[in-house]
Amino acid sequence: MMKRFLAPVGGVLALALCSVASAAGAPAVSDGYDWTMRVNDEERTQSAILAYEVADTDDQPLALSCEEGGGRIFASITGGDPELTMIELASGDARLALKGTTDAEEMPYFSSEEIAGGSPLIRAFAANGWLRLTASGETTDMAATAKGKDAITRFVRFCNG
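Residues numbered from 1 in each chain as written. Predicted model: local features only at pLDDT ≥ 70, side-chain atom pairs only at ≥ 80, totals over all residues. Heavy atoms only, no water.

Next up on the list: unusual backbone geometry. As a rule of thumb, non-glycine residues mostly have phi less than zero, and peptide bonds are mostly trans rather than cis. For Asp-56, which is not a glycine, the phi torsion comes out positive at approximately 65°. Looking at the element boundaries, Asp-56 is found in the loop between strand E2 (47-54) and strand E3 (62-67). Of note in the backbone geometry, Ser-136 takes a positive phi value of approximately 55° without being a glycine. Turning to its location among the elements, Ser-136 is positioned in the loop between strand E9 (130-135) and strand E10 (138-143). (Helix = DSSP H or I, 4+ residues; strand = E, 2+ residues; numbered from the N terminus.)

We now examine the pattern of salt bridges. What the rule picks out here adds up to four salt bridges. Two residues, Glu-53 and Arg-38, come together in a salt bridge whose shortest N-O distance is 2.8 Å. Here Glu-53 is found in strand E2, whereas its partner Arg-38 is found in strand E1 (residues 33-40), with 15 residues between them in sequence. Owing to a relative accessible area of 37%, Arg-38 belongs among the partly exposed residues under this scheme. (Salt bridge = Lys/Arg side-chain N within 4 Å of Asp/Glu carboxyl O. Buried < 20%, exposed > 50% of the residue type's maximum accessible area, 1.4 Å probe, protein only.)

Attention shifts here to the side chain of Asp-34. Examined against the element boundaries, Asp-34 turns out to sit in strand E1. Look at Asp-34: it is buried, it has no salt bridge, and the nearest opposite charge is Lys-147 at 6.6 Å. Among the polar contacts listed, one links the side chain of Asp-34 to the side chain of Thr-145, at a separation of 2.3 Å. Among the polar contacts listed, one links the side chain of Asp-34 to the backbone nitrogen of Gly-148, at a separation of 3.3 Å. (Lys, Arg positive; Asp, Glu negative; His and termini not counted. Polar contact = N/O pair within 3.5 Å; in protein donor to acceptor, adjacent residues only side chain to side chain.)

None of this, on its own, says anything about what the molecule does.
Written out as structure tokens, the structure reads:
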């Protein structure tokens, strides 16, 4: 009788440990932060911004932008290191080092080279709902709530057509 009971419990325990291990790399949602999408339709070609931010503030560690159906995404950071020339983005096992330039005339503004809309990083970001940004030796985890995950999905679909 005892052997029959232990086998199912052991199987459940193994499944539970596998679930914890697969979620171990995902960061927790930060209080007040979420991914928000805005569409600009004032120009001939629509564009969108997906920003990780605190609503109604200037607190925005990272923004992604694209033109509708263009299949190209750009990362930007406002403020920060005026000498920034490279960032790293990661989600799950996907990692991407991005070169870019910083315009430091008024407030430093970093703009990255393009990211392919169908790249492993973007696919992982859409599936996982989080990014890890490393810039100037500082790492920022950016995890989405359910509402933020919806914004990420809509953004990726918008960018890739």
